[in-house]
Amino acid sequence: MINVNEVIETNDMIEKENLDVRTITMGISLLDCISNDLQKLNENIYNKIYESAKDLVKTGDQIAREFGVPIVNKRISVTPIALVGGAACKTKEDFASIAKTLDSVAKKVGVNFIGGYSALVSKGMTEADRLLIESIPLALSTTDVVCSSINVGSTKTGINMDAVRLMGSIVKETAEATKDKDSLGCAKLVIFCNAPDDNPFMAGAFHGVTEADKIINVGVSGPGVVKTALEKVRGESFEVLCETIKKTAFKVTRVGQLVAKEASERLGVPFGIIDLSLAPTPAIGDSVADILHEIGVEHAGAPGTTAALALLNDQVKKGGVMASSYVGGLSGAFIPVSEDQGMINAVEAGCLTLEKLEAMTCVCSVGLDMIAIPGDTKDTTIAGIIADEMAIGMINQKTTAVRLIPVIGKGVGETVEFGGLLGYAPIMPVNQFSCDAFVNRGGRIPAPVHSFKN
Amino acid sequence: MNKTIITVVGKDTVGIIAKVCTYLADSGINILDISQTIVSGYFNMMMIVDMAGTAKDFNQVADDLDKLGTEIGVVIKCQREEIFDSMHRI
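Treat the numbers as computed from the prediction; the structure is a model and nothing was measured. Per chain, the residues get numbers from 1 upward, laid out in the order the sequence is written. To read the labels, note that chains go from A and ligands from 1, taken in the order they are written. Only residues with pLDDT of at least 70 are given local features in this predicted model, and only at 80 or more are side-chain atom pairs given and counted; all residues enter the totals for whole chains, interfaces and linings.

**Some details on the overall build of chain A**
Helix and strand assignments come from DSSP, with helices taken as H or I runs of at least 4 residues and strands as E runs of at least 2, each series counted from the N terminus. A tally of regular secondary structure across chain A gives 15 helices and 13 strands. Its C-alpha atoms give chain A a radius of gyration of 21 Å, within 12% of the compact-globule value 22 Å for 454 residues. Taken along its principal axes, the extent of the C-alpha atoms in chain A is 60 × 50 × 45 Å. Whether a residue is buried, exposed or partly exposed is read from the other C-beta atoms within 10 Å of its own C-beta, which are placed from the backbone; 20 or more gives buried, 12 or fewer gives exposed, and intermediate counts give partly exposed. A total of 454 residues make up chain A; the buried ones form 60% of that total. Contact between two residues is assigned when their C-beta atoms, built from the backbone, lie within 7 Å. Residue pairs in contact within chain A that sit at least 24 positions apart in sequence constitute 80% of those at least 6 positions apart. The globule rule is 2.2 Å times the number of residues to the power 0.38, and the radius of gyration it is compared with is taken over C-alpha atoms.

Shown next as structure tokens:
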């Protein structure tokens, strides 16, 4: 039988160390909503999402109450809209009308984000894909909770550099379109390589076409719990360090597994996966950078950081895999800048640069995330940064992503405030040398060879 | 069997257990196990109870205990046993 010390340990994790279930995300297929009549399509989408998810928030809240563990976010992901809207949408405005439908139904059912305003263009773009991508600035500036993601490359197909070049401009246009809110639109736009079909985390969630009609995916978190556990093994060997991370990750993940199974049963929707991620928030103590500090680097970005992060990421997976029956999504440590107080401190101390962040993304999920850059950064430079990050994902057979925020009207040294879970960020300098001739070539980077791995 | 863990945390005073037990008895909730300890000067009590016999639903019991806790100056939480089981037992 459970003893009092175990109960105290669990409740300390929840109350003092910010243990929570970060998100329950319901994936909903919209393929059966397709119509060539735009109005009909919008109606179908609204009705399907409403019927599927009307009890999601209530159920999540009730589970949180019964187990005494916070479930921070309830979210929805849908089939990439470029696939759903292709038959009906002939203009950018047509696509943006679907974004409005998603926004209104998401607000109606009470979720805080809906993801899937997406296109998968890792090899080529259809006309619908292109229209959807071009509609992103309009869609994200006229909605509040819609998130967009574009997959522009994969290990099997290579990188679609036409899409990368286009996204460089789209990121900038989205920043312009939302400049009165510190370019917040870009916080809801992710560019992926090797995007997973079952990711529950925003802004990159969409419901892949390989998935069932409806599915429940859960993202767990708990950087604070790992950090507190590591405080007790200061000065110990790597063996002790790694064992401690694994055991902690196991416990954290078990809570996610329990919540996922319970939500799946109550909603009558199959359980998909647990995403084993250490996702930070701006709350003090809920920081991945603080774990790196506890492992032994003065600030995130100091020499040793990449190794420390590689170790952390791998141990979290090793501990989490046994705790859950199905693992998927992004699964790894997130290193967003604005959402992690320790990262912000590292940037402000001059320890963490964009280049070091890029190196860190080689060994963890997901990529260059929530990084504010000067608003006058060129489109082609943004495209170049995207291309670099996509190349890391393509060659290393992993998911990588870019979520950059060129803050219009602001420059290096200033800060930008997004509020809530998105936090605030100091604007980071970007390498000023040009890559125009590179990104303007057009075409694709071929898929890499899968042997001779050096 | 519908096992729930009730935890009481706060400054030790006379009658905490009596008041919680009276409420549970009045509600038809059976106590299976009680243990307590002092952590950093605070009184920590844990009860494992069976809610199968009560007419009240989980939310009502949780609300009532929360209110009772406020009256006697302690924090009372009510959580289903599975969260502890899944975290601490393979």
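From this point, the discussion proceeds with the structure in view.
**Thoughts on the overall build of chain B**
Counting its regular elements, chain B contains three helices and four strands. Against the 2.2 N^0.38 benchmark of 12 Å for 90 residues, chain B shows a C-alpha radius of gyration of 13 Å, consistent with a compact globule. With respect to the principal axes defined by its C-alpha atoms, chain B has extents near 35 × 30 × 20 Å. Counting only residues that meet the buried cut, chain B has 33% of its 90 residues in that class.

**Considering the sheet that holds strand β1 (residues 3-10) of chain B**
All names here are of chain B. Following DSSP output, two strands are said to pair if at least two bridges run between them. With respect to topology, four strands assemble into an open sheet ordered β2-β3-β1-β4, the strand pairing being antiparallel. Every interior strand has two partners, whereas the edge strands, β2 (30-39) and β4 (74-80), have only one. Pairwise comparison of adjacent strand axes, ignoring direction, gives a mean angle of 15° for this sheet. Note: β1 against β4, seven bridges, orientation antiparallel. Looking at the pairing, I6 lines up with C78 of β4. An axis is simply a line fitted to the C-alpha atoms; with a helix, the fit covers only the stretch in contact. Between two such axes, the angle follows the N-to-C directions and lies from 0 to 180 degrees.

**With respect to the nonpolar core**
Residue and element names in this part refer to chain A. To form a nonpolar core, buried Ala, Val, Leu, Ile, Met, Phe, Trp, Tyr and Cys residues must be joined through C-beta atoms within 7 Å. In this structure, V152, V164, M167, I216, V259, I386 and L404 are the most contacted members of the largest nonpolar core, which totals 175 residues. Looking at which element gives the most residues to this core, the answer is helix α9 (residues 238-267), with 10 residues. Dropping the residues within four chain positions of it, V164 is found in contact with V152, I159, A383, I386, A387, M390 and V439.

**Considerations on the packing of α9 of chain A against helix α11 (residues 305-323) of chain A**
Residue and element names in this part refer to chain A. Orientation of α9 relative to α11, taken along the N-to-C sense of each, is 45°, at an axis distance of 7 Å. Here α11 runs oblique to α9, going by the angle between their axes. You can see that α9 and α11 cross each other, and the crossing is right-handed. Along the contact surface, α9 presents C242, I245, K246, K247, T248, A249, F250, T253, R254 and Q257, while α11 presents L311, L312, Q315, V316, K318, G319, G320, M322 and A323. What sets the label is the angle itself: under 35 degrees gives roughly parallel, over 145 gives roughly antiparallel, 65 to 115 gives roughly perpendicular, and the rest give oblique. With the far helix as reference, a near helix turned anticlockwise by less than a right angle produces a left-handed crossing, and one turned clockwise produces a right-handed crossing.

**Quick notes on the pairing of strand β2 (residues 71-78) of chain A**
All names here are of chain A. In terms of residue burial, β2 counts as a mostly covered element, since seven of its eight residues are buried. Examined bridge by bridge, strand β1 (residues 21-28) and β2 share seven bridges and lie parallel to one another. Opposite I24, over in β2, you have K74 as the bridge partner. Across three bridges, the pairing between β2 and strand β3 (residues 113-120) is parallel. Residue I76 lies in a different strand from β3, and its bridge partner there is I114.

**A few points about unusual backbone geometry**
All names here are of chain A. Backbone torsion omega between M202 and A203 reads 10°, so that peptide bond is classified as cis. With respect to the secondary-structure elements, A203 resides in the loop between β6 (189-193) and β7 (214-220). Positive phi values are uncommon outside glycine, yet N18 reaches one of about 60°. Taking the number of C-beta atoms within 10 Å as the measure of exposure, N18 has 23 and is therefore buried.

**Digging into the interface of chain B and chain A**
Chain B puts 24 residues into the contact, and the matching count from chain A is 19 residues. Only β1, β2, β3 (42-50), α2 (58-72), β4 and α3 (82-88) of chain B provide two or more residues apiece to the side of chain B that touches chain A. Looking at the side of chain B that touches chain A, the element that brings in the most residues is α3 of chain B, giving seven residues. Residues are sorted three ways: Asp, Glu, Lys and Arg are charged, Ala, Val, Leu, Ile, Met, Phe, Trp, Tyr, Cys and Pro are nonpolar, and all the rest, Gly among them, are polar. Of the residues assigned to the side of chain B that touches chain A, the class counts are nine nonpolar, nine polar and six charged.

**Some details on the packing of helix α8 (residues 223-231) of chain A against α9 of chain A**
All names here are of chain A. Closest axis-to-axis distance for the α8/α9 pair is 10 Å, and the angle between their directions is 145°. Where α8 crosses over α9, the two elements pack in a sense that is right-handed. Between α8, through V225, V226, A229 and L230, and α9, the contact on the second element is made entirely by T244, I245, T248 and V252. Within the contact of α8 with α9, the residues separate by chemical class into six nonpolar, two polar and no charged.

**Here's the deal with the confidence of the model for chain A**
pLDDT is defined as a per-residue confidence score from the predictor, taking values between 0 and 100. Per-residue confidence for chain A gives a mean pLDDT of 94; residues scoring 70 or more make up 100%. Within chain A, the lowest mean pLDDT, 89, falls on helix α1 (residues 4-16) of chain A, and the highest, 98, falls on strand β5 (residues 158-160) of chain A.

**So, α8 of chain A**
Residues and elements named next belong to chain A. Counting buried positions along α8 yields eight of nine residues, so the element is predominantly enclosed. The set of residues buried in α8 consists of P223, G224, V225, V226, K227, T228, A229 and L230. In this structure, the buried side of α8 is in contact with α1, α9 and α10 (288-295).

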